[in-house]
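# Structure at a glance
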Amino acid sequence: MTPEPIPFFARLWLAFACFFRMLFDPALAGRVQPVLAAGAPAAPVPKAPAAPAIEPPERSHASGLFVLSMLQREGRLLDFLQEDITSHPDEAVGAAARVVHEGCRRVVHDYLSIEPVVGDAEGASITVPADFDARRIRLTGNVAGQPPFHGSVKHHGWVTKSVRLPPVPVSGDPLVLAPAEVELT
Amino acid sequence: MATPGPSYAVGIDLGTTHSALSYLRLADERPRGAAQPVLPVPQLTGVGTVEDRLLLPSFLYLPGEREFPPASLALPWDKDSREIVGELARSHGAKVPTRLVASAKSWLCHPGVDRRSPLLPWQAPPEVQRVSPLDASARYLKHLADAFDRALGAGAAAKALARQDVVLAVPASFDAAARELTLEAAQRAGLPEVVLLEEPQAALYAWLEAAGEGFRKQVKVGDVILVVDVGGGTSDFSLISVLEREGELELQRLAVGDHILLGGDNMDLALAHALGRKLEGEGRKLDAWQLQSLTFACRVAKEKLFSSPKLGKAPISLASRGSSLIGGTVKTELLRDELENLLVEGFFPKSALTELPRTARHTGLTQLALPYAQDAAVTRHLAAFLTRQARALASNEASLRVGGKAFVHPTAVLFNGGVFKADPLRARVLGVLNGWLASEGAAPVRELEGAELDLAVARGAAYYGWVRRGNGLRIRGGTARAYYVGVEAAAPAVPGVEPPVRALCVAPFGMEEGTQADVPPQDFGLVVGEPTTFRFFASSTRRSDKVGDFVDRATERDDLEELAPLERALTSGEAASGLLVPVNLQAAVTEVGSLELRCLEKGGKGRWKLELNVRMKE
């Protein structure tokens, strides 16, 4: 059995998580490296009658690139990330952050409904039930014993309730995140 | 098999800056009030991206041959679309103004230009393809029709928008010519049978629908409702009175205001220019594109300040066009004081009733840009409307008891248009009105609550389609103007002096839909083989002229406005031999709400409709 495809945002999160864990957890990195080198995990692969065409990465990740292009169009996110901010005073970075914040926020609000995973305020005590969903709640600190667990909320998490993203344009080149603008005079 | 009847009553708001479509399922046999659906309109929002939006920005972009990649402008119903209507047209057009058609509706009612000739984008370079104001309006309607057919018509011709009961809202201030052109645009969009409705009436219908039976608690016999409708590009006033006839409530539209090209967009632009000057004072020069984003940022900041009264200022950051975001971002802020001064005091000043709008009385015939209002003060335009109508109503409508009052006293106000989402602006209008009322010892007005400001016109228009089928309360009113044709008075010719023109009333004020009026016989004749032209006038205040009445010195009067002339060319095949065919005139208001002037052959069977010549005489 091949695992179910992971949705884009989950992959995005996973990518972030992996980055830091690889960086700070040498033991885990050591285990992961052979897996990456070998490609897919050594799961029993059923003999397919015909090998499925392998999509080029820009096609299989087209939706991710498209979201990036929207964040650039509305919130200039790429301009912000690509620029060296060390030489600028906080005041200027702050002014630019308003542009990024306003535009990216619009994209997130228009196309996704996002809400906290747990309704309780951060700092509040909660009980994690026995049948909790480990994908939605991560336990930290003194993780021992059997659920239900008692603890306090450190971060309420975020979960997407609905996705209203438009389909990826078929006519475009997904690699182009923002076309160059040339003004004719 | 008979063709099936309509399934929906559909209302279309064809706005200067935004359009919308709402529909009511006739099979439901009841209005839905605020739950009445508004059609999500698929439109290009980015190159290659189509998304649904409730509003369709009334903008048309005419791209160059190789401007966009192939197939990237495709719409769900047109894979080969080569034009852009809606959101992308507006956002991209800001960077390419010479290919952007905007405010087509304002051009449609501009008597100084030929509205059927391709003249938009205004001042585009010669190689850019152009369209007429009529065409542009037709394209917005076609886009809405395609969206409707795809969503609700399921591709079947019998379920298409053309087969539904379609009501199209137009400004109350549209004269007969602009109404006629709007119908022509609908026809061009494949909608041959639409019915027209005045926008302020549509707003009141939407309110009536939302209030349900509860409206009887909010209005009573003797009320005079003032509808203040400030849209994106135009301001429109109407007075509607609540009467009783045979024990039943009746609504009657008393009067409508003149066409004022002044709206919410002017307000955002005023803020942007003020902040632009402030930045220039600090040595930051803005380009056209930045001014455009400043206008947008000002709208956001304005809404923020109006909705949170405790904020003293709203920060504004303007990105540069280049990729250097941090170095290039211009920072400023909109202070509450500036907002109050520019918007509240600038557009809604506490003016006295006697203060009339400043006019640089435009010369009409020679002016070629859009005739924007010279005075930005909505309250002064309102004062002018109420005082002028008081004089007109005093002698005619005894039930209103206007006599001796300096202006018509409204008892209730209904607001319409996104501008009035701002509480301080509604409060200011009410405050100014109450000041005027107090000065004549009258009770203050109350606001009709629960008005929906953005989508009311489309909703109300659809509801009117339902009312027309015999349900609910109908607003009566008929034509909002009296119409006249010019007759040259017999006078000895003096070189260089135009002979005085008398205006002959052919359609009185308040002529109802589906009625006609015969003009007493005059010596009119149509010449076979060459066009005969009638000068055409209208008045929104002369309420007592009857058909056949003459008004002297038509061209010099303030209460008559000259419209584009009417014309008819008879070919020799159409009329019996003889060079001159003597005719009588007849005016009719059609069921759909347009005015038609006909020539009836004296002692013969000939019947010819006079056509609007949309170009004013030079």
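### Topic: the overall build of chain A
What chain A contains, in helices and strands, is 6 helices and 4 strands. Counting helices and strands in the order they occur from the N terminus, chain A gives α-α-α-α-α-α-β-β-β-β. Expressed as a percentage of the 185 residues in chain A, the buried residues total 21%. In chain A, once contacts between residues fewer than 6 apart in sequence are set aside, the share between residues at least 24 apart is 71%.

### Re the sheet that holds strand E8 (residues 100-101) of chain B
Residues and elements named next belong to chain B. As summarised here, the arrangement of the 3 strands in space is E7-E6-E8, forming an open sheet in which the pairing is antiparallel. Two strands in the sheet have a free side with no partner beyond their single neighbour: strand E7 (84-85) and E8. Sheet topology places strand E6 (residues 60-61) next to E8; 2 bridges connect them, and they run antiparallel. Across the sheet, Tyr61 pairs through a bridge with Leu100, a residue of E8.

### Observations concerning the domain arrangement of chain B
Residue and element names in this part refer to chain B. Domain parsing of chain B yields domain 1 (8-197), domain 2 (215-262 + 359-472), domain 3 (264-346) and domain 4 (482-612). Between domain 2 and domain 4, a total of about 730 Å² is buried, with carbon and sulfur atoms accounting for 35% of that surface. Across the contact surface, domain 2 and domain 4 share 2 residue pairs in polar contact (both at pLDDT 80 or more). Per-element accounting of the side of domain 2 that touches domain 4 gives the leading share, 4 residues, to helix H11 (residues 378-394). Along the lines of polarity and charge, the residues of the side of domain 2 that touches domain 4 split into 6 nonpolar, 2 polar and 5 charged.

### Regarding the interface of chain A and chain B
Every contact between the two is made by 24 residues of chain A and, on the other side, 27 residues of chain B. Summed over both sides, the interface between chain A and chain B buries roughly 2000 Å², with carbon and sulfur atoms accounting for 54% of that surface. It is Arg76, Ser171 and Glu181 of chain A that lose the most area in chain A upon contact with chain B, and together they represent 25% of the buried surface on that side. Applying the counting rule to chain A against chain B returns 11 residue pairs in polar contact (both at pLDDT 80 or more). For the side of chain A that touches chain B, the elements supplying multiple residues, two or more each, are helix H4 (62-75), helix H5 (77-82) and helix H6 (90-111) of chain A. Top contributing element to the side of chain A that touches chain B by residue count: H6 of chain A, with 11 residues.

### Observations concerning the environment of Leu55 of chain B
Residue and element names in this part refer to chain B. Checked against the element boundaries, Leu55 lands in the loop between strand E4 (49-53) and strand E5 (56-57). For the pair formed by Leu55 and Phe385, sequence separation is 330 residues and the distance between their alpha carbons is 30 Å. Not counting chain neighbours up to four residues away, the residues in contact with Leu55 comprise His18, Ser19, Ala20, Gln43 and Leu455.

### Side note on the confidence of the model for chain B
All names here are of chain B. Predicted confidence across chain B gives a mean pLDDT of 86, with 93% of residues reaching 70 or more. Within chain B, the element-level pLDDT minimum falls on strand E29 (residues 611-612), averaging 76, and the maximum on E7, averaging 96. Within the model, the stretch residues 361-367 combines pLDDT values under 50 with 8 contacts to residues more than four positions away or in other chains. The complex prediction reports pTM at 0.83, with the ipTM value standing at 0.70.

### Some words on the sheet that holds strand E11 (residues 224-230) of chain B
Two strands in a sheet stick together by hydrogen bonds in their backbones, pointing the same way (parallel) or opposite ways (antiparallel). Residue and element names in this part refer to chain B. The strand order across the open sheet formed by 6 strands is E17-E16-E11-E12-E13-E18, and the pairing between neighbours is mixed. The open sheet has two free edges, formed respectively by strand E17 (446-447) and strand E18 (475-476), since each of these has just one partner strand. Relative to strand E13 (residues 248-256), strand E12 (residues 235-245) runs antiparallel, the two being bridged by 8 bridges. Bridge pairing links Ile240 to Arg253 in E13.

### Comments concerning the side chain of Gln290 of chain B
Mapped onto the elements of the fold, Gln290 of chain B is located in helix H8 (residues 288-307). What Gln290 of chain B contacts, discounting residues up to four positions off in sequence, is Lys285, Leu318, Ala319, Ser320 and Val330 of chain B.

### As for the packing of helix H7 (residues 264-281) of chain B against helix H10 (residues 336-347) of chain B
Residue and element names in this part refer to chain B. Running from N to C, H7 and H10 cross one another at 140°; their axes reach a closest spacing of 10 Å. What the angle tells us is that H7 and H10 run oblique. Between H7 and H10 lies a crossing whose hand is right-handed. Contact residues: H7 offers Asn266, Met267, Ala270, Leu271, Ala274, Leu275 and Lys278, while H10 offers Glu338, Leu339, Leu342, Leu343 and Phe347. Here the residues of the contact of H7 with H10 are counted per class, giving 9 nonpolar, 1 polar and 2 charged.

### Let's talk about the environment of Ala443 of chain B
Residues and elements named next belong to chain B. Tracing the backbone shows Ala443 in the loop between helix H12 (423-439) and E17. Its relative accessible area of 57% is what places Ala443 among the exposed residues. Sequence separation of Ala443 and Leu343 is 100 residues, and the distance between their C-alpha atoms is 27 Å.

Definitions and cut-offs
- Residues numbered from 1 in each chain as written.
- Chains lettered and ligands numbered in written order.
- Predicted model: local features only at pLDDT ≥ 70, side-chain atom pairs only at ≥ 80, totals over all residues.
- Heavy atoms only, no water.
- Helix = DSSP H or I, 4+ residues; strand = E, 2+ residues; numbered from the N terminus.
- Buried < 20%, exposed > 50% of the residue type's maximum accessible area, 1.4 Å probe, protein only.
- Contact = heavy atoms within 4.5 Å.
- Pairing = 2+ DSSP bridges.
- Domains from an automatic or database assignment.
- Buried area = accessible area lost by both parts, 1.4 Å probe.
- Polar contact = N/O pair within 3.5 Å; in protein donor to acceptor, adjacent residues only side chain to side chain.
- Nonpolar A, V, L, I, M, F, W, Y, C, P; charged D, E, K, R; others polar.
- pLDDT = per-residue confidence, 0-100.
- Axes fitted to C-alpha atoms, helices over the stretch in contact; angles between N-to-C directions.
- Parallel < 35°, antiparallel > 145°, perpendicular 65-115°, else oblique.
- Left-handed = near helix turned anticlockwise from the far one by under 90°.

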